[in-house]
Amino acid sequence: MTAIATTLQAFFTDRMARQRQASPHTVASYRDSLRLLLVFASKRQGKEPSKLDIDDIDAALVGAFLDHIEQQRENSVRTRNVRLAAIRSLFRYAAFRHPEHAAVIERVLAIPSKRFDRRLVTFLTEPELDALLAAPARSTWTGRRDHAVLGLAAQTGLRVSELIGLRCADVHLGSGAHVSCEGKGRKQRITPLTSGTAAVLRVWLAERAGLPAQPLFVTRSGNALSRDALEHRLAKHVQIAGGICPSLTQKSVTMHVLRHSAAMRLLRAGIDTSVIALWLGHEQIETTQVYLHADLEIKERALAKTVQAETKPGRFRPADKLLAFLEAL
């Protein structure tokens, strides 16, 4: 086997599994990224993936691969950077095992991440959220399930992976009702429930009648809901709710938007951003600052407290023709 084949196998079995004890989500992300790279390199070099060597995957090929996933596969810049992070991790590991390929590895590691525009987060207003939660038909089993999972997501701000990973035993409806989950970075989190959400979950748990270790939200066949299935159900309910609240049709609503909506509700209730970061399981408080930028009402209240400067409107007009030319650029 070639150097890249043995290094790739050792990377997952030794570095990822034994040394880093990476989560299944991280392993799956790295696996997909490197599989795409190997398929692309195989077509470019005319070799089977198992016969590729480190020199076959140089900086030029990696750069072409990154352009390919952006242009042909139409992936976002964020996805491009995720793929590059996986490639860098593999090549950093390869640098210790194969110093004879140091020049090629160094040039690959020098490829920079691509900058991207940071857009304002999308969130749902209270009327939009009410319309969405009213969309599932609670006369059906799937409607009652969807109402429970969407209501829980909107109130707690749990990530999709956290929602579909919940077990029946993770819901505690006694004094101080809350749900417990293992969040990103293997952090154990406890999120309190409102009385309304607790009541909905109490009814759902009675109907679900599952064992403590079984998934909380399941399909009719008893399997845990997948991420794609949950997004599909959400899209269906957004379409229905759009007939009641037309503004919903102007927004791209995903499960992560419900997480943003939960954060914005806390922010508008006057909750400090450090508490919101703790609520959402953010690693750094700075991550929560995006919600401050998204809330125009906070900025308008701040503007109302300022004193406007009494200056006459006007614009600088340079007398010199050269300065006028530069000003017009």
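Residues numbered from 1 in each chain as written. Predicted model: local features only at pLDDT ≥ 70, side-chain atom pairs only at ≥ 80, totals over all residues. Heavy atoms only, no water.

Some remarks on the overall build of the chain
Along the backbone of the chain there are 15 helices and 3 strands. By principal-axis analysis of the C-alpha atoms, the chain measures approximately 80 × 65 × 35 Å. Scored against the burial criterion, the 329 residues of the chain give a buried share of 42%. Residue pairs at least 24 apart in sequence account for 64% of intrachain contacts in the chain once pairs closer than 6 positions are excluded. Carbon and sulfur atoms make up 55% of the accessible area of the chain, which totals about 19300 Å². Mean positive and mean negative side-chain charge positions of the chain (47 and 32 charges, respectively) differ by 3 Å. (Helix = DSSP H or I, 4+ residues; strand = E, 2+ residues; numbered from the N terminus. Buried < 20%, exposed > 50% of the residue type's maximum accessible area, 1.4 Å probe, protein only. Contact = heavy atoms within 4.5 Å. Areas by Shrake-Rupley, 256 points an atom, 1.4 Å probe, with all protein chains shown as cover. Lys, Arg positive; Asp, Glu negative; His and termini not counted. Charge placed at Lys NZ, Arg CZ, Asp CG, Glu CD.)

Focus: the packing of helix α1 (residues 3-19) against helix α4 (residues 77-97)
Orientation of α1 relative to α4, taken along the N-to-C sense of each, is 110°, at an axis distance of 10 Å. Taken together, α1 and α4 sit at an angle that is classed as roughly perpendicular. For the pair α1 and α4, the contacting residues are I4, T6, T7, L8, A10, F11, D14 and R15 in the first and S89, L90, Y93, A94 and R97 in the second. Per-class residue counts for the contact of α1 with α4 are 7 nonpolar, 3 polar and 3 charged. (Axes fitted to C-alpha atoms, helices over the stretch in contact; angles between N-to-C directions. Parallel < 35°, antiparallel > 145°, perpendicular 65-115°, else oblique. Nonpolar A, V, L, I, M, F, W, Y, C, P; charged D, E, K, R; others polar.)

Some details on the side chain of H101
Counting through the fold element by element, H101 comes out in the loop between α4 and α5 (102-109). Engagement of the side chain of H101 in a polar contact is seen with the side chain of D55, the distance being 3.0 Å. Those residues in contact with H101, other than ones at most four positions away along the chain, are D53, I54 and D55. (Polar contact = N/O pair within 3.5 Å; in protein donor to acceptor, adjacent residues only side chain to side chain.)

A few points about the packing of α4 against α5
Relative placement of two packed helices is described by the angle separating their axes and the distance separating the axes. Where α4 meets α5, the closest approach of the two axes is 10 Å, and the angle between their N-to-C directions is 155°. The orientation of α4 relative to α5 falls into the category roughly antiparallel. In the packing of α4 onto α5, the handedness of the crossing is left-handed. For the pair formed by α4 and α5, the contact residues are I87, R88, F91, R92, A94 and A95 on the first element and I105, V108 and L109 on the second. Split into classes, the residues belonging to the contact of α4 with α5 amount to 7 nonpolar, no polar and 2 charged. (Left-handed = near helix turned anticlockwise from the far one by under 90°.)

Thoughts on the pairing of strand β2 (residues 178-182)
Most of β2 sits out of view: 4 of its 5 residues are buried. Sheet topology note: the strand β1 (residues 171-172)/β2 ladder contains 2 bridges and is antiparallel. Each residue of the ladder has a partner; that of H172, found in β2, is H178. With 5 bridges joining them, β2 and strand β3 (residues 188-192) adopt antiparallel strand pairing. Its bridge partner being in β3, S180 is matched across the sheet by I190. (Pairing = 2+ DSSP bridges.)

Side note on the packing of aromatic side chains
Applying the stated rule across the entire model yields 6 aromatic pairs. On the basis of an interplanar angle of 55° and a centroid distance of 5.7 Å, the ring pair of F40 and F65 is categorised as tilted. Of this pair, F40 sits in helix α2 (residues 24-45) while F65 sits in helix α3 (residues 59-71), and the two are 25 residues apart along the sequence. Each member of the pair, F40 as well as F65, carries the same accessibility label: buried. Taking 6.3 Å as the distance between ring centres and 20° as the angle between the ring planes, the aromatic pair formed by W204 and F217 counts as stacked. With W204 in helix α9 (residues 195-208) and F217 in the loop between α9 and α10 (227-241), this residue pair connects regions lying 13 residues apart in the sequence. Of the two residues, W204 and F217, neither departs from the other in class, the shared state being buried. An aromatic cluster of at least three residues, connected via ring pairs, comprises F11, F12, Y30 and Y93. (Phe/Tyr/Trp six-rings, centres within 6.5 Å; stacked < 30°, edge-to-face > 60°.)

That's the geometry; what it means functionally is another story.
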